[in-house]
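Take a look at the letters that make up each chain.
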Amino acid sequence: QSIVEVRGSEAEVLTYVMAWHERWDGERAVACLRYRDRLGRGAGGSWEITARQVEAAVVWGFPGVAWTWVSRAQPAVEP
């Protein structure tokens, strides 16, 4: 699922991804991510990714990986 906002020869794209992995040893892992991409027109007019930020929402089975997490809204504090 992607949301694309085009402004002339540049674009911002937000893409949500759920990736299921099964390793050769049978171990399984899941990563629910979103990509925040910036695109620009390259030579010949094709779209190219000029910047990418990856943010994790849910991850299982990737021990030792340092993720950048999706920022969450803070709950309202009651007086």
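Look a little higher up for the structure.
Undergrad: Help me understand a nonpolar patch on the surface in this model?
TA: A contiguous nonpolar patch, built from Val 4, Val 6 and Trp 47 and spanning about 270 Å² of accessible area, is present on the exposed surface. Examined against the element boundaries, Val 4 turns out to sit in strand 1 (residues 2–7).

Undergrad: Hey, could you run me through the packing of aromatic side chains in this one?
TA: Any aromatic ring pair is given by two values, namely how distant the centres are and how the planes are angled relative to each other. Inspection of the entire model under this criterion finds one aromatic pair. With a centroid separation of 5.7 Å and an interplanar angle of 80 degrees, the aromatic rings of Phe 62 and Trp 67 are classed as edge-to-face. Positioned above the aromatic ring of Tyr 35, the side-chain terminus of Arg 52 is 4.2 Å from the ring centre.

Undergrad: What is the right way to look at the side chain of Arg 34 in this model?
TA: Position of Arg 34 among the secondary structure elements: in strand 3 (residues 28–41). For Arg 34, a relative accessible area of 11% gives the class buried. Within the structure, the side chain of Arg 34 is placed 2.5 Å from the side chain of Glu 55, a separation counted as a polar contact. Discounting residues that sit within four places of it in the chain, Arg 34 has contacts with Leu 14, Thr 15, Tyr 16, Gln 53, Val 54, Glu 55 and Val 70.

So, how was this worked out
Residues numbered from 1 in each chain as written. Predicted model: local features only at pLDDT ≥ 70, side-chain atom pairs only at ≥ 80, totals over all residues. Heavy atoms only, no water. Patch = residues over 30% accessible without salt bridge, like charges linked within 9 Å, V, L, I, M, F, W, Y side chains within 5 Å. Areas by Shrake-Rupley, 256 points an atom, 1.4 Å probe, with all protein chains shown as cover. Salt bridge = Lys/Arg side-chain N within 4 Å of Asp/Glu carboxyl O. Helix = DSSP H or I, 4+ residues; strand = E, 2+ residues; numbered from the N terminus. Phe/Tyr/Trp six-rings, centres within 6.5 Å; stacked < 30°, edge-to-face > 60°. Lys NZ or Arg CZ within 6 Å of the ring centre and 35° of its normal. Buried < 20%, exposed > 50% of the residue type's maximum accessible area, 1.4 Å probe, protein only. Polar contact = N/O pair within 3.5 Å; in protein donor to acceptor, adjacent residues only side chain to side chain. Contact = heavy atoms within 4.5 Å.

Any functional reading would require information that these geometric values do not contain.
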